[in-house]
Amino acid sequence: MKLSKLNELLLKVQNENEMFELQSEDDIASVHFVRGRFLFMLNGKGLFSLKKTAFKDKLMFQIEKRNLKLVEDE
């Protein structure tokens, strides 16, 4: 996923109280904004919750490590 697309999605999550999902063959993940922090959930468990700058770096690492792809709305 490109960094520009990730920034766009994170802004939407933060400003519009939405979430987005990512998935791979083995994993499903979601990103939420709760109490002023971004929350990354992996397979139904909260993996980490951080402010935007640190969150973005860890999220990109998880996306690449786990080969996660954005789940598009139908």
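That block above? That's the structure.
Read on for a plain summary of the structure. Each chain carries its own residue numbering, running from 1 in the written order of its sequence. In keeping with the model being predicted, local features are shown solely for residues with a pLDDT of at least 70 and side-chain atom pairs are shown and tallied solely at 80 or more, while totals for entire chains, interfaces and linings include all residues. Calculated side-chain values reflect all of the structure's heavy atoms, with hydrogen atoms and water omitted.

## A word on the nonpolar core
Within the largest apolar cluster, 17 residues are counted, with the highest numbers of intra-cluster contacts made by Leu10, Phe20, Leu22, Val31, Phe40, Phe55 and Leu59. Where helices and strands are cited, they refer to DSSP runs of H or I of at least four residues and of E of at least two residues respectively, numbered from the N terminus. Going through the elements one at a time, helix H1 (3-16), strand S1 (20-23), strand S2 (28-34), strand S3 (37-42) and helix H2 (52-66) are the ones with two or more residues in this core. The contact rule is simple, with two residues in contact once any of their heavy atoms fall within 4.5 Å. For Leu59, the contacting residues outside a window of four places in its chain are Leu6, Leu10, Phe20, Leu22, Val31, Phe40 and Phe48. For the purposes of this section, nonpolar cores are sets of buried Ala, Val, Leu, Ile, Met, Phe, Trp, Tyr and Cys residues that join through side-chain atoms within 4.5 Å. Each residue is assigned to one of three classes by its accessible area relative to the maximum for its type, calculated with a 1.4 Å probe on protein chains only: buried under 20%, partly exposed between the two thresholds, exposed over 50%.

## Some remarks on the pairing of S3
Across the two faces of S3 the burial differs, with Phe38, Phe40 and Leu42 buried and Arg37, Leu39 and Met41 not buried at all. In this sheet, S3 lies alongside S2 in antiparallel orientation, the contact comprising six bridges. Note on S3: the bridge partner recorded for His32 is Leu39. Pairing of S3 with strand S4 (residues 45-50) involves five bridges; the strand directions are antiparallel. Note: two strands are recorded as paired if DSSP finds a minimum of 2 bridges between them.

## Let's talk about the environment of Gly46
Relative to the helices and strands, Gly46 resides in strand S4. Judged by its relative accessible area of 56%, Gly46 is exposed. Along the primary structure Gly46 and Ser30 are separated by 16 residues, whereas in three dimensions their C-alpha atoms are 9.3 Å apart. When neighbours within four sequence positions are excluded, Gly46 is seen to be in contact with Leu39, Phe40 and Met41.

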